[in-house]
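Secondary and tertiary structure notes
Below are the chains, spelled out letter by letter.
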Amino acid sequence: MAAAAAAAAIQPVFLLIVGLGWTGAYVRELAQQRQPPYPGGVAATTTTGRDGTIPFVYDPDAPAAERARAFAALPAARAAVLITFPLRDAAAASRFVDDYLDTHNDHPPPRFVLLGSTGAYEPDPAGGSPWCDHASPPLPSPRVAAEAALLAHPRLVGGGSGVDGRVGRTGPVVLSLSGLYDGASRHPSRFLGRVAPSKAALGGKRSVHYIHGRDVARAVLAVAEAALPTPQAGAGMEPPRPERWILTDLRVYDWWELASRLGGGGGGGGAAPPYATWVRELMDETGTRAVPRPPEALGRALDSRAFWREYGLVPVHFEL
């Protein structure tokens, strides 16, 4: 196939980021800082080819030949392909995997990593607990169906995981991200005024979960590094296993506590709303002795310990 031959002529990279965006930019920056460098480095795509990226648009409805030409312009990934945008539905997810593999069939399949959202998780109202973790079933939606299709794709989870007698962790991964923030452009203090423009609006707010962009990047690179084949003498060849994880900074935030502490960012051209006063009044009205309120009072709490434990990491950025 001409498309596959064209792809084979492009130098492979360690990680291919499909859709640079805000999150992908953090991943690329951290990967480029690594010493020693990752073999082949990192490549990324945008729709326009800005900032040193590869122009790429994924249209699952385009004719097969057109899709093949688009994928053939992408380098093969030695470790992982990171998809930063939601895939439309199950068919789009399956087609993405097939299109990539069909045009890069002279290389071992990489690990496919798809970013999802913790918005898909809600506690079971009949369960009596506010907690959700990576084993909790996500709420049905086209996006979740796309994630499930990627995790179950037979070309990603079938067969053995060994490459030349070496074993890597190559099963597909969905990383469900909580609220993304950093210390600059994307900080809760900048949009607090939209979240809670009034005392009544603030009164209805309960829990929120966050993770810093740099911690997301650390998580993604840990997942990618685990896919690299490593010598394991006598190790059995296990088939690649799909993984679905929740990512937070291991904290459950209370909007009342955040508002009273970050209230200087009320937004707008006038004076910031008196968030600290509103919170004190709400505490009096509801008999709340202190903030943050416990998870049971907040109604929804996410437990992301499993990912950090599995990959031997802890979140390190706490700038809220």
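Calculation criteria
Sequence order as written defines residue numbering, which begins from 1 separately in each chain. Thresholds applied to this predicted model are a pLDDT of at least 70 for local features of residues and 80 or more for the giving and counting of side-chain atom pairs; totals over whole chains, interfaces and linings are not thresholded and use all residues. Remark: hydrogens and water are excluded; side-chain values derive from all non-hydrogen atoms of the structure. Secondary structure elements are taken from DSSP: a helix is a run of H or I of four residues or more, a strand is a run of E of two residues or more, and numbering for both begins at the N terminus. Exposure is judged per residue with a 1.4 Å probe applied to protein chains only, and the accessible area is read against the type maximum: over 50% gives exposed, under 20% gives buried, and values in between give partly exposed. Here, two residues are considered to be in contact whenever any of their heavy atoms come within 4.5 Å of each other. Surface exposure here means Shrake-Rupley accessible area, sampled with a 1.4 Å probe, where a residue is shielded only by the protein chains that are shown. Strands are treated as partners if at least two bridges between them are detected by DSSP. When the strands point away from the viewer, a crossover counts as right-handed if the path from the first strand over the helix to the second runs clockwise. Any Lys or Arg side-chain nitrogen found within 4 Å of a carboxyl oxygen on Asp or Glu counts as a salt bridge.

1. Remarks on the overall build of the chain
Counting its secondary structure elements, the chain contains 13 helices and 16 strands. Residue burial in the chain is summarised as follows: out of 320 residues, 48% are buried. Contacts spanning at least 24 positions in sequence make up 82% of the contacts within the chain whose residues lie at least 6 apart. In the structure as shown, the chain presents an accessible area of about 14,500 Å², 54% of it carried by carbon and sulfur atoms.

2. Quick look at the side chain of His317
In this structure, His317 sits in the segment after helix H13 (305–310). Setting aside its immediate chain neighbours within four residues, His317 contacts Tyr181, His212, Arg214 and Asp215.

3. Focus on the pairing of strand S4 (residues 77–83)
Among the seven residues that make up S4, six are buried, leaving the element largely enclosed by the rest of the structure. Of the strand pairs in this sheet, strand S1 (residues 13–18) and S4 are connected by five bridges, and their pairing is parallel. Residue pairing in the sheet places Val13 in a bridge with Ala77 of S4. A crossover links S4 with its parallel partner strand S5 (residues 111–117), the connecting element being helix H4 (residues 90–103), and its sense is right-handed.

4. Thoughts on the pattern of salt bridges
Under the definition given, this model contains 19 salt bridges. Its salt-bridge partner being Arg111, residue Glu243 comes within 2.9 Å of it at the nearest N-O pair. Of this pair, Glu243 sits in strand S14 (residues 243–247) while Arg111 sits in strand S5; the two residues are 132 residues apart in sequence, bridging distant segments of the chain. Like Arg111, Glu243 is buried. Taken together, the shared-partner salt bridges in this structure form one network comprising Arg111, Arg169, Glu243 and Glu310.

5. Observations regarding the pairing of S14
Among the five residues that make up S14, five are buried, leaving the element largely enclosed by the rest of the structure. Side-chain alternation along S14 places Glu243, Trp245 and Leu247 on one buried face and Arg244 and Ile246 on a second face that is also buried. Alignment of strand S9 (residues 173–177) against S14, held across five bridges, turns out to be parallel. Residue pairing in the sheet places Val173 in a bridge with Glu243 of S14.

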